[in-house]
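Residue strings, one per chain:
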Amino acid sequence: MEASLADPTYIDDLGDGLVRRWSTAADTETIGLLLSTVHRDREDEPLNVVSQDLARIFMSETFPFMDAGDFAVVEDTSRPDRPIVACTCLWRHQWRYAGIPLDVGRPEYVATDAAYRNRGLVRRLFEMVHARSAAEGHLVQAITGIAYFYRQFGYEYVLELDGSRTVYFSQIPGRKEGEAEPYQLRTATVEDTPHLMAFYNQQRTDNLLWYEPDEAYWRFIVSYWDDPAVQSREVTTLGIKGRYFMIVDNNGRAVGSTWVRTRRWGRSLGVAPFLSTAPDVDRPAVMAALLRLLRDQGARTPGNGPDTPPCDELRFDLGANHPLYELMGEKLALLINRPYAWYVRIPDLAAFLRHIAPVLEERLARSLLAGYTGQLKFDLYREGLLLRFERGKLAQVERWRQPVYGEEATAGAPPLVFLQLLLSYRSLEELRAFYPDVWADDQARLLLDTLFPKLPSRVFEPFA
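Residues numbered from 1 in each chain as written. Predicted model: local features only at pLDDT ≥ 70, side-chain atom pairs only at ≥ 80, totals over all residues. Heavy atoms only, no water.

Participant: What's the story with the overall build of the chain in this structure? I'm lost.
Facilitator: Within the chain, the regular secondary structure consists of 14 helices and 21 strands. In summary, the chain has a C-alpha radius of gyration of 24 Å against a globular reference of 23 Å for 464 residues, a match within 12%. Counting only residues that meet the buried cut, the chain has 53% of its 464 residues in that class. In the chain, the proportion of contacts linking residues at least 24 apart, taken out of those at least 6 apart, comes to 70%. As presented, the chain carries roughly 21,400 Å² of accessible surface, and 50% of it is formed by carbon and sulfur atoms. Averaging the locations of the 53 positively and 64 negatively charged side chains of the chain gives two centres separated by 2 Å. (Helix = DSSP H or I, 4+ residues; strand = E, 2+ residues; numbered from the N terminus. Rg over C-alpha atoms; globule rule 2.2 N^0.38 Å. Buried < 20%, exposed > 50% of the residue type's maximum accessible area, 1.4 Å probe, protein only. Contact = heavy atoms within 4.5 Å. Areas by Shrake-Rupley, 256 points an atom, 1.4 Å probe, with all protein chains shown as cover. Lys, Arg positive; Asp, Glu negative; His and termini not counted. Charge placed at Lys NZ, Arg CZ, Asp CG, Glu CD.)

Participant: Quick question: what am I supposed to make of helix H5 (residues 193–201) here?
Facilitator: Owing to its 3.6 residues per turn, the α-helix brings residues three or four apart onto one side. Taken residue by residue, H5 has Thr193, Leu196, Phe199 and Tyr200 as its buried positions. Around the axis of H5, the buried residues are gathered within 130 degrees of arc, so they sit on the same side. (Arc of directions from axis to C-beta.)

Participant: What am I meant to see in the pattern of salt bridges here?
Facilitator: Note that side chains of opposite charge can pair when their charged atoms are close. If you walk through the whole model with that rule in mind, you get 35 salt bridges. For the salt bridge of Glu136 with Arg92, the shortest nitrogen-to-oxygen distance reads 2.8 Å. With a gap of 44 residues between them, Glu136 in the loop between helix H4 (121–135) and strand E6 (140–143) and Arg92 in strand E4 (residues 84–97) connect regions that are remote in the sequence. Residue class for Glu136 comes out partly exposed when judged on its relative accessible area of 36%. Across the pair Glu181 and Arg292 runs a salt bridge whose closest N-O atoms are separated by 2.6 Å. You can see Glu181 sitting in the loop between strand E8 (164–168) and strand E9 (183–187) and its partner Arg292 sitting in helix H8 (residues 283–300), a full 111 residues away along the chain. Each member of the pair, Glu181 as well as Arg292, carries the same accessibility label: buried. (Salt bridge = Lys/Arg side-chain N within 4 Å of Asp/Glu carboxyl O.)

Participant: Any chance you could explain the nonpolar core here in plain terms?
Facilitator: Proteins that are soluble and globular tend to have nonpolar side chains buried together. Trp95 and Phe316 are the most contacted members of the largest nonpolar core, which totals 138 residues. Here the element with the most residues in this core is H8; it accounts for seven residues. Apart from the residues within four sequence positions on either side, Phe316 is in contact with Gly163, Ser164, Arg165, Val167, Val271, Leu275, Met287, Leu291, Leu294, Tyr325 and Met328. Counting residues in hydrophobic clusters, the runner-up holds 16 residues, among them Leu5, Tyr10, Tyr116 and Leu125. (Core = buried A, V, L, I, M, F, W, Y, C linked by side-chain atoms within 4.5 Å.)

Participant: Teacher, can you tell me more about the layout of surface pockets here?
Facilitator: To locate leftover empty space, one rolls a probe as large as a water molecule over the atoms. Volume-wise, the second largest pocket comes out at about 830 Å³. Taken together, 32 residues line the second largest pocket, and the ones lying closest to its centre are Glu160, Asn207, Asn321, Pro456 and Ser457. Elements with a minimum of two residues in the lining of the second largest pocket: strand E7 (156–161), strand E13 (268–277) and helix H9 (323–328). In the lining of the second largest pocket, the residues fall into 15 nonpolar, ten polar and seven charged. (1 Å grid on protein atoms, 1.4 Å probe; cavity = no way out; pocket = protein on both sides within 12 Å on 5 of 7 lines; lining within 4 Å. Points joined across faces, edges and corners; volume = space filled by probe spheres on them. Nonpolar A, V, L, I, M, F, W, Y, C, P; charged D, E, K, R; others polar.)

Participant: How should I be thinking about helix H6 (residues 215–223) in this particular structure?
Facilitator: Along H6, the positions that sit buried rather than exposed are Tyr217, Trp218, Phe220, Ile221 and Val222. The N-terminus of H6 is capped by Asp214, whose side-chain oxygen sits 3.1 Å from the backbone nitrogen of Ala216. (Polar contact = N/O pair within 3.5 Å; in protein donor to acceptor, adjacent residues only side chain to side chain.)

Participant: What am I meant to see in the packing of helix H2 (residues 28–38) against helix H3 (residues 49–58) here?
Facilitator: The geometry of a pair of packed helices is captured by two quantities: the angle between their axes and the separation between those axes. Close contact between H2 and H3 brings their axes to 8 Å; oriented N to C, the two are set at 145 degrees. The chirality of how H2 crosses H3 is right-handed. Across from Thr28, Glu29, Ile31, Gly32, Leu35 and Ser36 in H2, the residues of H3 making contact are Ser51, Gln52, Ala55 and Arg56. Broken down by class, the residue content of the contact of H2 with H3 amounts to three nonpolar, five polar and two charged. (Axes fitted to C-alpha atoms, helices over the stretch in contact; angles between N-to-C directions. Left-handed = near helix turned anticlockwise from the far one by under 90°.)

So, in structure tokens, the structure goes:
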């Protein structure tokens, strides 16, 4: 069943003329029509041309995360035009967990025609996407999206997403009289790819989970803007919403990079997802100049519509915490916007724990529990996990269930809540404070605090 769902030739009759299948390149415009119809605030609005463009981008040969056969779709064969009435797609990402490579499947761009909703079509499409992701060996699926919805499919909020601080133009200090601007912005080129990758990787710091784009991503996102077909169109109609810039000194040396939105939805110019500098430059001086340069860039950046107000602020989408916030200081970064979160799904917890075993063993070795021998029986209520350690090594991980009689578990949590602990999004103590069904005895508490300490993660959204 799982293998057939993942196969490109899979087709399934859902009844009433509805068929689910995998896409082909011939579906590009039809998928674009569905996305442009659904992704509107009101039914009487014009079609969303940005969503149409995104469908073409995703199904192009150069897109780094998927190809034309990776949309799961529902087609209505009972109508003469055989429209696609529901869809989602599967992207492939490479993350790292404390340095360990982690292949991640990412469902994205979920849409259902309003006339076909509440029939469970998205659930059937997620079955296909999850099956293909599993067939390719992905231990994790992750998605960004609307509140609550993806919890229905086994996802939980477990990683910080976005979060920003706003700087008002009126607060940005000017240059001293007669002083030349020491830095400038120029658009990134394909030749800048090594610099972009190096500046990006500087941001790893202590992040537990980290998105690791390969060279294909950097080349795609930079060269996109060199396409004559893109250059001939208004930026408000394009699916890619921002571009990379290099920060250069007066000798032309690239000392940093940033990503800036090419259009505005309000008063702010968005700056994201990372803002990096070389380690040997005067970062306060770079930051002071960059604020002025971005202010000028904001004044030139078009609004998304005729009613967009003038730009008078910068929004730095750098997460809840970032070293550059400290450089700006409280007087500049006045408005703080709390982060949202990634949804994450881990269908095989035992396989994931075996995959990250070297990190767990290292944490034990650096703790009071170095050389630990013992076991943890974790109750997930419908099932559970058994972890057995021998002299500090994770010797066994397997599924386990609490027996009908007797209490053998040493800790417990609802299965989706457990993901928050597993990925170090919340500490055990924080979860216990909010969830009465999260618990651990004294020995298990010390072990869990050692194995899964609360740690930051920064997984950026490459097409924000």
